[in-house]
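Listed below, chain by chain, are the residues.
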Amino acid sequence: MLAFVVLFLLIGTAFAAGYFTRDFVSRKRRAEARRWREYTEPDWLPAGTPANTNEIASPATGELGQMLNRWESRARARRAS
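Residues numbered from 1 in each chain as written. Predicted model: local features only at pLDDT ≥ 70, side-chain atom pairs only at ≥ 80, totals over all residues. Heavy atoms only, no water.

### Some remarks on the overall build of the chain
Of the regular secondary structure elements, the chain holds two helices and zero strands. For the chain, buried positions account for 4% of its 81 residues. Put simply, the chain shows about 7900 Å² of open surface, and 62% of that area lies on carbon and sulfur atoms. (Helix = DSSP H or I, 4+ residues; strand = E, 2+ residues; numbered from the N terminus. Buried < 20%, exposed > 50% of the residue type's maximum accessible area, 1.4 Å probe, protein only. Areas by Shrake-Rupley, 256 points an atom, 1.4 Å probe, with all protein chains shown as cover.)

### Quick notes on the packing of aromatic side chains
Using the criterion set out here, one finds two aromatic pairs in the structure. Here the aromatic rings of F15 and Y19 are separated by 5.0 Å at their centres, their planes lie at 70 degrees, and the arrangement is edge-to-face. With F15 and Y19 both in helix 1 (residues 2–36) and four residues apart, this pair spans about one turn of that helix. (Phe/Tyr/Trp six-rings, centres within 6.5 Å; stacked < 30°, edge-to-face > 60°.)

### Brief notes about a nonpolar patch on the surface
On the surface, a nonpolar cluster with roughly 940 Å² of combined accessible area is contributed by M1, L2, F4, V5, V6, F8, L9 and L10. Relative to the elements of secondary structure, V5 occurs in helix 1. For V5, a relative accessible area of 38% gives the class partly exposed. (Patch = residues over 30% accessible without salt bridge, like charges linked within 9 Å, V, L, I, M, F, W, Y side chains within 5 Å. Salt bridge = Lys/Arg side-chain N within 4 Å of Asp/Glu carboxyl O.)

### Describing the pattern of salt bridges
Close approach of charged atoms allows side chains of opposite charge to pair. Within this structure, the stated rule accounts for one salt bridge. Residue D23 pairs with R27 through a salt bridge whose shortest N-O separation is 3.0 Å. Separated by four residues within a single helix, D23 and R27 lie in helix 1, roughly one turn from each other. Residue classification places D23 among the partly exposed residues on the basis of a relative accessible area of 34%.

### Remarks on helix 1
Between its first and last C-alpha, helix 1 extends 51 Å over 35 residues, near the 51 Å set by a 1.5 Å rise per residue. Among the residues trailing helix 1, E38 stands out with phi positive, at a value near 50 degrees. (Expected span 1.5 Å × (residues − 1).)

Put into structure tokens, the structure is as follows:
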């Protein structure tokens, strides 16, 4: 029984270490990609603003802005039909 508990703990630890490593590598890769693309945070996106508000930000530019505009236009089309 003790061997089973130890085995279970080892598997759980390995599983958690895998997730931590995956997160660490992903964050590092994203940071490097932002550096390569000379990413700067848009001025219409302040750091402390919650994302789940119904307020419309000023006109968005760049890839994120285009994506948000597409989502909004699709949502308006769904509401209209």
